[in-house]
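# Structural overview
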Amino acid sequence: MTKDFIANYQAHTNIALIKYWGKRNQDLMLPVTSSLSLTLEAFYTQTQVHFSKDYDEDQFILNDQIQSAQERQKISRFLNRFRQLKNTDLKAQVTSYNHVPTAAGLASSASAFAALACSCNEALELKLSQEELSIMARFGSGSASRSLFGGFVEWEKGQGDDSQSSYAHPFDEADWDIGMIALVVNQKAKKFSSRQAMQHTIETSPFYALWAEEVAKDLEAIKAAIKARDIQKIGQIAEHNAMKMHATMLAANPSFSYFQAESLKAMEAVRQLRKTGLTAYFTMDAGPNVKIICPYSQVAAIQEKLSQDFDPQNIIVSRPGPQPFSIPLINQ
Ligand code: DP6
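Residues numbered from 1 in each chain as written. Predicted model: local features only at pLDDT ≥ 70, side-chain atom pairs only at ≥ 80, totals over all residues. Heavy atoms only, no water.

One pass over the structure, following the stated rule, counts seven aromatic pairs. Taking the centre distance of 5.5 Å and the plane angle of 55° together, the rings of Phe78 and Phe82 count as tilted. Taken as a pair, Phe78 and Phe82 lie in helix α1 (residues 69-86) at a separation of four residues, close to a single helical turn. Taking relative accessible area as the criterion, Phe78 reaches 3% and is therefore assigned buried. Geometrically, the ring pair formed by Phe256 and Tyr258 is edge-to-face, given 5.9 Å between the ring centres and 85° between the ring planes. (Phe/Tyr/Trp six-rings, centres within 6.5 Å; stacked < 30°, edge-to-face > 60°. Helix = DSSP H or I, 4+ residues; strand = E, 2+ residues; numbered from the N terminus. Buried < 20%, exposed > 50% of the residue type's maximum accessible area, 1.4 Å probe, protein only.)

Written as structure tokens, this is what we have:
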């Protein structure tokens, strides 16, 4: 290869309504269960990759900061999968920007690896399908497999140890009255990574035995509710599913929790919103922030009510987001 290979993509983050919590095969990044998410418009990552003989080693620059060797190695391992497909050993410069409202603590590996997968595919002219890219993104982070698509997305768990059988696909465009509000209750880095936390849960929590069965039921129920555009049902199922996931952690040994005092206050605030007739349900991931599922037509009313108890700057509204798309190159 003589020319330079370069591309820049934007991918949006996603929030699971039916959670992925645990791998049946850690090397192949295969999940114990299928999961279902909503891609968000407000949070995204833009990642340019430039493969060139001018680089002696891979470089990773995030938000204008050169990243540590450890971070760079993660990226290099991911790039290796693409280099293998192209049969090249060209090194690359990866330049990435996380577009998350100031320090909201919602930066996600999901949008990051989805954007990088798309850029590698285009830069190296691999012509992988969306499905194949979802599989590639999965190797970076499980939840990244879902950021290859917009709207409601289902990630299929696949079969056995067949790595090619587990990928995401669009479920519903979410081009109707649905929104999500992120309530940022803590801006500090999370205490433990979801990767370690889910493995610890599998290994030590007696409640984990119930998880797969509950997810299977919740998944069927939420799919029917999405098809019926029944947002109350969607919210009820998602809220219960999130709490069941967090319950597996409370029962781990030693136990742990992502709940902070402010998270509990936010959850209670959402319950109170419901008492006033608003349609709002919460979900939480591997961090203390609370996300609220609601009709988009109610976001202003919900925002106004929450502003009485929370800093308005920490209440971030989003519509459903799109699939990844190509963006202009950054000037070299
Ligand atoms: C709680 O995708 O971050 O957000 O696959 O180990 O990289 P790895 O984990 P990650 O886990 C996400 C966990 C979750 C639920 C979800 O997004 O489904």
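The discussion continues.
Another point: the nonpolar core. If you look at soluble globular proteins, the nonpolar side chains tend to sit buried side by side. Of all hydrophobic cores here, the largest spans 94 residues; its most connected members are Trp21, Phe51, Phe82 and Phe152. It is helix α2 (residues 109-123) that provides the largest number of residues to this core, a total of eight residues. Shared between two domains, this core holds at least three residues of each, these being domain 1 (5-174) and domain 2 (179-318). Other than its neighbours up to four places away in sequence, Trp21 contacts Ser194, Ala197, Met198, Thr201, Tyr208, Trp211, Met245, Thr248, Met249, Phe256, Tyr258 and Ala286. (Core = buried A, V, L, I, M, F, W, Y, C linked by side-chain atoms within 4.5 Å. Domains from an automatic or database assignment. Contact = heavy atoms within 4.5 Å.)

For the rest of this paragraph, the subject is the pairing of strand β4 (residues 35-52). Of all the 18 residues making up β4, 15 are buried; the element is thus mostly covered by neighbouring parts of the structure. Relative to β4, strand β1 (residues 5-18) is paired through twelve bridges, and the arrangement is antiparallel. Residue pairing for β4: Ala16 is matched across the bridge by Ser37. (Pairing = 2+ DSSP bridges.)

Below, the discussion takes up the pattern of salt bridges. Counting across every chain of the model gives 14 salt bridges. With a closest N to O distance of 2.9 Å, Arg271 and Glu268 form a salt bridge. A residue pair is termed a helical-turn pair when its members lie 3 or 4 positions apart in one helix, as Arg271 and Glu268 do in helix α7 (residues 261-275) at three residues. Among the residues examined, Arg271 registers a relative accessible area of 34% and is labelled partly exposed. A salt bridge links Lys291 to Asp285; the shortest N-O distance between them is 3.0 Å. For Asp285, a relative accessible area of 18% gives the class buried. By sharing partners, the salt bridges in this structure join Glu214, Lys217, Asp218 and Lys244 into a single network. (Salt bridge = Lys/Arg side-chain N within 4 Å of Asp/Glu carboxyl O.)

A few words on the domain arrangement of the chain. The assigned domain composition of the chain is domain 1 (5-174) and domain 2 (179-318). Just the C-alpha atoms count here: the centres of domain 1 and domain 2 sit 23 Å apart. At the interface, 32 residues of domain 1 touch 42 residues of domain 2. Interface area for domain 1 against domain 2, summed over the two sides, is near 3,000 Å², with a carbon-plus-sulfur share of 70%. Ranking the residues of domain 1 by area buried against domain 2 places Ile18, Lys19 and Trp21 at the top, with a combined share of 30%. One salt bridge connects Asp285 with Lys19, and the closest N-O pair in it is separated by 2.6 Å. Seen at the junction of domain 1 and domain 2, the total is ten residue pairs in polar contact (both at pLDDT 80 or more). Of all elements in the fold, only β1, β4, β8 (152-155) and β9 (168-172) reach the threshold of two or more residues within the side of domain 1 that touches domain 2. Here the side of domain 1 that touches domain 2 gets seven residues from one element, more than from any other, and that element is β4. Residues belonging to the side of domain 1 that touches domain 2 are distributed by class as follows: 19 nonpolar, eight polar and five charged. (Buried area = accessible area lost by both parts, 1.4 Å probe. Polar contact = N/O pair within 3.5 Å; in protein donor to acceptor, adjacent residues only side chain to side chain. Nonpolar A, V, L, I, M, F, W, Y, C, P; charged D, E, K, R; others polar.)

The next point concerns the site of the ligand. The full set close to the ligand counts 17 residues, and Tyr20, Lys23, Ser141, Gly142 and Ser143 are the nearest of them. Note that an oxygen atom of the ligand is positioned 2.6 Å from one of the side-chain N or O atoms of Ser141. Contact between the ligand and Gly142: an oxygen atom at 2.7 Å from a main-chain N or O atom of the residue. Looking at the shell around the ligand, its residues break down into seven nonpolar, five polar and five charged. Shared between two domains, the shell around the ligand holds at least three residues of each, these being domain 1 (5-174) and domain 2 (179-318). (Near = heavy atom within 4 Å.)

Spatially, the four strands line up as an open sheet ordered β11-β12-β10-β13, and their pairing is antiparallel. Unpaired on one side and paired on the other, β11 (281-284) and β13 (315-318) mark the two borders of the sheet. Pairwise comparison of adjacent strand axes, ignoring direction, gives a mean angle of 25° for this sheet. Where β11 meets strand β12 (residues 290-294), four bridges bridge the pair, whose relative direction is antiparallel. Along β12, the bridge assignment pairs Thr283 with Lys291. Taken strand by strand, helix α6 (residues 231-250) contacts β11 and β12, and its axis lies near 35° from that of β11. Along the sheet face, helix α8 (residues 299-306) touches β10 (179-183), β12 and β13 and points at about 175° away from the line of β13. (Axes fitted to C-alpha atoms, helices over the stretch in contact; angles between N-to-C directions.)

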